[in-house]
Amino acid sequence: MKLVIDHLTRYGYDEEVKFSTQYLRLTPRSTGRQTITAWTLTLPDGAAVTTTDGWGNVLHVLTLDNPHKEITIRASGIVDIADEGEETCDEEAELLSPLVFLRSTPLTRADTAIREFAQRLYRPDAAEESLNQLMADLLLRMPSSPGATQVQDSAADAFARAKGVCQDHTHVFLACCRALEIPARYVSGYVYSDNAQHVAMHAWAEVWLDGRWLSFDITNNTRRLNQHLRLATGLDYLDACPVRGTRLGGGGEIMLTNAEVREHSQQAQQQ
């Protein structure tokens, strides 16, 4: 499947910002499952440095040291996604031992309720099958509920509320896996859907089993990622979120973001 992505992020401030730095993980890499045909990152005038972060993600650091009242960032491109089923990652692209992803973070720390939930469903003699069941049961336990949580809410918070969005589903699933001593990591990216109401920005998990990374999209209860574009990975949302920054001044802030993912054939017909 060939996908066209257009992702616009705009920040507006009540007062002039004296200085700001934005950390952007908005540039995907080509892998065995996805091929980046074209990709453009449009940034405001300023000093942007391109590097690789500690997780192997493409990272742009945008520094604006002149007074400004808005920031507009646009990522767009064309990507070919393989029609194969479950995603596995290219071993040669891995920089870190999978054991790093046993570490918990404040957002993914398992409390007693999460540990009991994971241990009740997990069977070491059928690890992959039981993680499939854990994914399905977690979605039943926490139905998708946009607006029910905030980005700062932890896995324990969302699990206690029994509702959340893809970020929460992924954090709880990671907490379960790490409580079971199974390495697991957070993935940010985009997903295509023919439902116009579907949110294009997405998050899912990758789990290290039997010497390979396997993908689990908890929100959609699927292992098939033939409509997903992988952007970045990390221990949790804060490591892999597309845009994260700091600023000096500015007062109140309004952020508007819009991400669209279309099939290339649909895009061509519209043009």
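This one's a predicted model, so the numbers in the text were calculated from it and none came from an experiment.

Trainee: So what's going on with the pattern of salt bridges? Which residues, and what values?
Mentor: The full count for this structure, using the stated rule, is 9 salt bridges. Close ionic contact of Arg 185 with Glu 206 constitutes a salt bridge, the shortest N to O distance being 2.7 Å. Placement of Arg 185 in strand β6 (residues 184-191) and of Glu 206 in strand β7 (residues 201-209) is noted, with a sequence separation of 21 residues between them. Glu 206 carries the same exposure label as Arg 185, and that label is buried. Arg 230 is the partner of Glu 206 in a salt bridge, and the nearest nitrogen-oxygen pair spans 2.8 Å. Within this pair, whereas Glu 206 is found in strand β7, its partner Arg 230 is found in strand β9 (residues 228-234), the two being separated by 24 residues in sequence.

Trainee: Account for the packing of helix α1 (residues 112-121) against helix α4 (residues 166-179), naming residues and giving values.
Mentor: Between α1 and α4, the shortest axis-to-axis distance is 9 Å and the interhelical angle comes to 70°. Overall, the two elements α1 and α4 adopt an arrangement that is roughly perpendicular. Here α1 and α4 pass one another in a crossing that is right-handed. For the pair formed by α1 and α4, the contact residues are Ile 114, Arg 115, Phe 117 and Ala 118 on the first element and Val 172, Ala 175, Cys 176 and Ala 179 on the second. By residue class, the composition of the contact of α1 with α4 is 7 nonpolar, no polar and 1 charged.

Trainee: Tell me what's going on with the environment of Gly 211, and back it up with residues and numbers.
Mentor: Within the secondary structure, Gly 211 sits in the loop between β7 and β8 (212-216). Using a relative accessible area of 37% as the deciding quantity, one classes Gly 211 as partly exposed. For the pair formed by Gly 211 and Pro 98, sequence separation is 113 residues and the distance between their alpha carbons is 9.2 Å.

Trainee: Explain the side chain of Thr 170 residue by residue, including any values.
Mentor: Mapped onto the elements of the fold, Thr 170 is located in helix α4. Each residue touching Thr 170, except ones within four places of it in the same chain, is listed here: Tyr 186, Ala 203, Trp 204, Ala 205 and Ile 218.

Trainee: Lay out the state of the cysteines in plain terms, naming residues and giving numbers.
Mentor: Evaluated as defined, the whole model comprises 0 disulfides. Residue Cys 166 stays outside any disulfide, its sulfur separated by 13 Å from that of Cys 241, the closest cysteine. On the basis of relative accessibility, which here comes to 18%, the residue Cys 166 falls in the buried class. Cysteine Cys 177 is unpaired, with the sulfur of Cys 176 as its nearest cysteine sulfur at 6.8 Å.

Trainee: Which residues make up the sheet that holds β6, and what are the values?
Mentor: Taken in spatial order, the 4 strands line up as β8-β7-β6-β9 in an open sheet, and their pairing is antiparallel. The open sheet is flanked by β8 and β9, the only strands paired with a single partner. Strand-to-strand twist in this sheet, taken as the mean axis angle between neighbours without regard to direction, amounts to 35°. Helix α2 (residues 127-141) contacts β7 and β8 of the sheet and is inclined by roughly 25° relative to β8.

Trainee: Let's hear about the nonpolar core: which residues, and what values?
Mentor: Note on soluble globular proteins: their nonpolar side chains tend to be buried together. Ranked by size, the top nonpolar core spans 61 residues in total, and within it Leu 131, Phe 173, Tyr 190 and Val 207 carry the most contacts. Broken down by element, the residue count for this core peaks at 8 residues, all from α4. Not counting residues up to four positions away in its chain, the partners in contact with Phe 173 are Leu 131, Leu 134, Met 135, Leu 138, Ala 205, Val 207, Phe 216 and Ile 218.

Trainee: Before we move on, can you summarise α1 with the specific residues and values?
Mentor: Within the span of α1, buried status applies to Ile 114, Phe 117, Ala 118 and Leu 121. Projected onto a plane normal to the axis of α1, the buried residues spread over an arc of 95° and lie on a single side. Facing away from the buried surface of α1 by more than 90 degrees, the exposed residues are Thr 112, Glu 116 and Arg 120. Residues of α1 that are buried in the fold lie against α2, α3 (155-161) and α4.

Trainee: Quick one: what's the story with the packing of α2 against α4, residue by residue and with numbers?
Mentor: One way to put it is that α2 packs onto α4 with a least axis distance of 11 Å and a crossing angle of 140°. Our classification of the angle between α2 and α4 gives oblique. Seen from above, α2 lies across α4 with right-handed handedness. Counting all contacts with α2, which are made through Leu 131, Leu 134, Met 135, Leu 138 and Leu 139, the residues of α4 involved are His 169, Val 172, Phe 173, Cys 176 and Cys 177. Among the residues forming the contact of α2 with α4, the class breakdown is 9 nonpolar, 1 polar and no charged.

Trainee: Kindly report on the packing of aromatic side chains, identifying the contributing residues and their values.
Mentor: Centre-to-centre distance and the angle between the planes together describe a pair of aromatic rings. For the coordinates displayed, the defined rule picks out 7 aromatic pairs. Summarising the aromatic geometry, the rings of Trp 55 and Phe 101 are spaced 5.5 Å apart at their centres and angled 45° between planes, so their arrangement reads as tilted. Here the residue Trp 55 occupies a position in the loop between β3 (47-52) and β4 (58-64), and Phe 101 occupies one in the loop between β5 (68-81) and α1, the gap between them amounting to 46 residues. Since its relative accessible area comes to 21%, Trp 55 is described here as partly exposed.

What counts as what
Residues numbered from 1 in each chain as written. Predicted model: local features only at pLDDT ≥ 70, side-chain atom pairs only at ≥ 80, totals over all residues. Heavy atoms only, no water. Salt bridge = Lys/Arg side-chain N within 4 Å of Asp/Glu carboxyl O. Helix = DSSP H or I, 4+ residues; strand = E, 2+ residues; numbered from the N terminus. Buried < 20%, exposed > 50% of the residue type's maximum accessible area, 1.4 Å probe, protein only. Axes fitted to C-alpha atoms, helices over the stretch in contact; angles between N-to-C directions. Parallel < 35°, antiparallel > 145°, perpendicular 65-115°, else oblique. Left-handed = near helix turned anticlockwise from the far one by under 90°. Contact = heavy atoms within 4.5 Å. Nonpolar A, V, L, I, M, F, W, Y, C, P; charged D, E, K, R; others polar. Disulfide = S-S within 2.5 Å. Pairing = 2+ DSSP bridges. Core = buried A, V, L, I, M, F, W, Y, C linked by side-chain atoms within 4.5 Å. Arc of directions from axis to C-beta. Phe/Tyr/Trp six-rings, centres within 6.5 Å; stacked < 30°, edge-to-face > 60°.

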